[in-house]
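# Close look at the chain arrangement
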Amino acid sequence: MMRYGINRSDRQRKTGLCLLIMAAAFLISPAAYASNGTCLTLREAALVDQESVRLSDVARLTGLSENQIETIGAIIVARSPQPGQTRFVGVDYIRIRLKQSGVDTSSIIFKGTPDVRITRQAAVLPVQRMQHAVEMAIRSRMPWKNEDVTISEIVLDETIQLPTGLLTYQVEPARNEDYLGRTMVALHLFVDGRPVRKVWVNLTISVMADVVTVMRPLGKHAYIQLADLSVVRRDLSDLSSDSVRRIEDALGNRTTRAIYPKTVLQSSMFASPPLVRRGDIVKIVANSGPMIITATGMVKQQGCKGEMVRVVNTDSNRIITARVTGPGAVEVNF
């Protein structure tokens, strides 16, 4: 009898230990998160500010411990809509998401609305702040003097809605931007360090500068003199890129077309006059280190200053190529 009593006691202890292990395993498994008294009540609407929607955002759980409610409530049941937008998530979809996370939904009582309206919070783009940032970025990169420049008509999409968080930005002009006239730059937006949007910003850059204008009519092939010109201040964005800005750049040249008064002079409207013409007798200067050799030659073609022309050395009758340096003078480098 004593031996029987001992064996029976051992078996009871072993049985109790097995039951304890089974109970512990059940408590740590997802199935333990639901019981016959568990109730999940879906809300009519939810407001979120993250990329993902958790169960606790859209429903209220009862009938479980606080730890279990917290654990199940952290399960992601849907993706949030875009900032400022709304989407609906149905109870069947939420049930599937819970099952995928290991929750036994067969013992959960689902109550409330069949579809939850989820709206994502949004931050409004600070338009004036962005406009100021674009202007400062342009001024820091442009080749013009600040006092000569006016930046206006800075236009961007004011309806943009962003995720909530810390907003930072980066302004990126075009690679070959000339910072003149109507142009467009890229505005990269970041929230909490994460890129969220690229916005195109249109703006106008006006640059006031001195330019040379014609005071009186000039015919074709007329020599440009000081009395023909004046300097006025104009917006470069309204002018050709080859507009002349210094009087000395035009003096002494010949017009290539007729020019009317008040016309802003362009470099394409004039050319340097030829300094030598075919048949002219010129002085040939040959430089060879410290030695300078001179000879007489006859030009075979007309040429302007700096141009290369063919010249016949009258002493040797040899044709050489020389650079025009002035009226009646050419130069050869050895």
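Provided above is the structure to which this section pertains.
Residues numbered from 1 in each chain as written. Predicted model: local features only at pLDDT ≥ 70, side-chain atom pairs only at ≥ 80, totals over all residues. Heavy atoms only, no water.

### Considering the overall build of the protein
To be explicit about the condition: The secondary structure listing takes helices from DSSP runs of H or I that are at least 4 residues long and strands from runs of E that are at least 2 residues long, numbered from the N terminus. Only protein chains enter the accessibility calculation, which uses a 1.4 Å probe; a residue whose area is less than 20% of its type maximum is buried, one above 50% is exposed, and one in between is partly exposed. Two residues form a contact once any of their heavy atoms are found within 4.5 Å.
Across its full length, the protein carries 5 helices and 22 strands. Relative to its 334 residues, the protein shows a buried fraction of 36%. Across the protein, every contact between residues at least 6 apart in sequence was considered, and the portion connecting residues at least 24 apart equals 56%.

### Brief notes about the environment of Ile247
Assignment of secondary structure puts Ile247 in the loop between strand E15 (229-235) and strand E16 (254-255). When the C-alpha positions of Ile247 and Leu229 are compared, they lie 7.1 Å apart, and in sequence the two are 18 residues distant. Apart from residues no more than four positions distant in its own chain, Ile247 is found in contact with Val212, Leu226, Leu229 and Val231.

### Some details on helix H5 (residues 127-141)
Operational definition: Helices are assigned an expected span. That span is 1.5 Å times one less than the residue count.
Relative to the 21 Å expected for 15 residues at 1.5 Å per residue, H5 spans 21 Å between its end C-alpha atoms, a close match to the ideal helical length. Among the residues of H5, those classed as buried are Val127, Met130, Ala133, Val134, Ala137, Ile138 and Arg139. In this fold, the buried residues of H5 make contact with strand E10 (149-155), strand E12 (167-172), strand E13 (181-191) and strand E14 (194-214).

### Some remarks on the sheet that holds strand E21 (residues 319-326)
The condition that has to hold: Two strands form a pair only when DSSP identifies at least two bridges running between them. Axis definition: a line fitted to C-alpha atoms, limited for helices to the stretch in contact. Angles are taken between N-to-C directions and run from 0 to 180 degrees.
Spatially, 5 strands are ordered E18-E19-E20-E21-E22 in a closed barrel, and the strand pairing comes out mixed. Across the sheet, the mean angle from the axis of one strand to that of its neighbour is 50 degrees, orientation sign disregarded. Note that strand E20 (residues 308-313) and E21 share 5 bridges and pair antiparallel. Along E21, the bridge assignment pairs Val312 with Ile319.

### So, the packing of aromatic side chains
Filter applied, for reference: Two aromatic rings, drawn from Phe, Tyr or Trp (for Trp, its six-membered ring), form a pair once their centres lie within 6.5 Å of each other, and the interplanar angle then sorts them: stacked below 30 degrees, edge-to-face above 60, tilted otherwise. We call a charge positioned above a ring when the Lys NZ or Arg CZ atom is no farther than 6 Å from the ring centre and deviates by at most 35 degrees from the ring normal.
Inspection of the entire model under this criterion finds 0 aromatic pairs. Above the ring of Phe110, the side-chain terminus of Arg95 is found at 4.2 Å from the ring centroid.

### Brief notes about the nonpolar core
To be explicit about the condition: As used in this record, nonpolar core signifies buried Ala, Val, Leu, Ile, Met, Phe, Trp, Tyr and Cys residues forming a set joined through side-chain atoms within 4.5 Å.
Core analysis: the biggest nonpolar cluster contains 29 residues, and Ile138, Leu156, Leu187, Leu189 and Leu203 have the highest contact counts within it. Secondary structure elements with two or more residues in this core: H5, E10, E12, E13 and E14. Sort the elements by how many residues they give to this core and E14 lands first, with 7 residues. If we ignore the near neighbours within four places in the chain, the residues touching Leu156 are Leu125, Val127, Met130, Gln131, Leu187, Val199, Trp200 and Val201. Leu42, Val48, Leu55 and Ala59 belong to the second-largest nonpolar core, a separate cluster that totals 23 residues.

### Considering unusual backbone geometry
Positive phi is not limited to glycine here, since Tyr179 has a value of about 55 degrees. Residue Tyr179 is classed as buried on the basis of its relative accessible area, which comes to 10%. In this structure, Lys262 is a non-glycine residue whose phi angle is positive, near 70 degrees. Structurally, Lys262 can be placed in the loop between E16 and strand E17 (270-271).

Geometry only, nothing functional implied.
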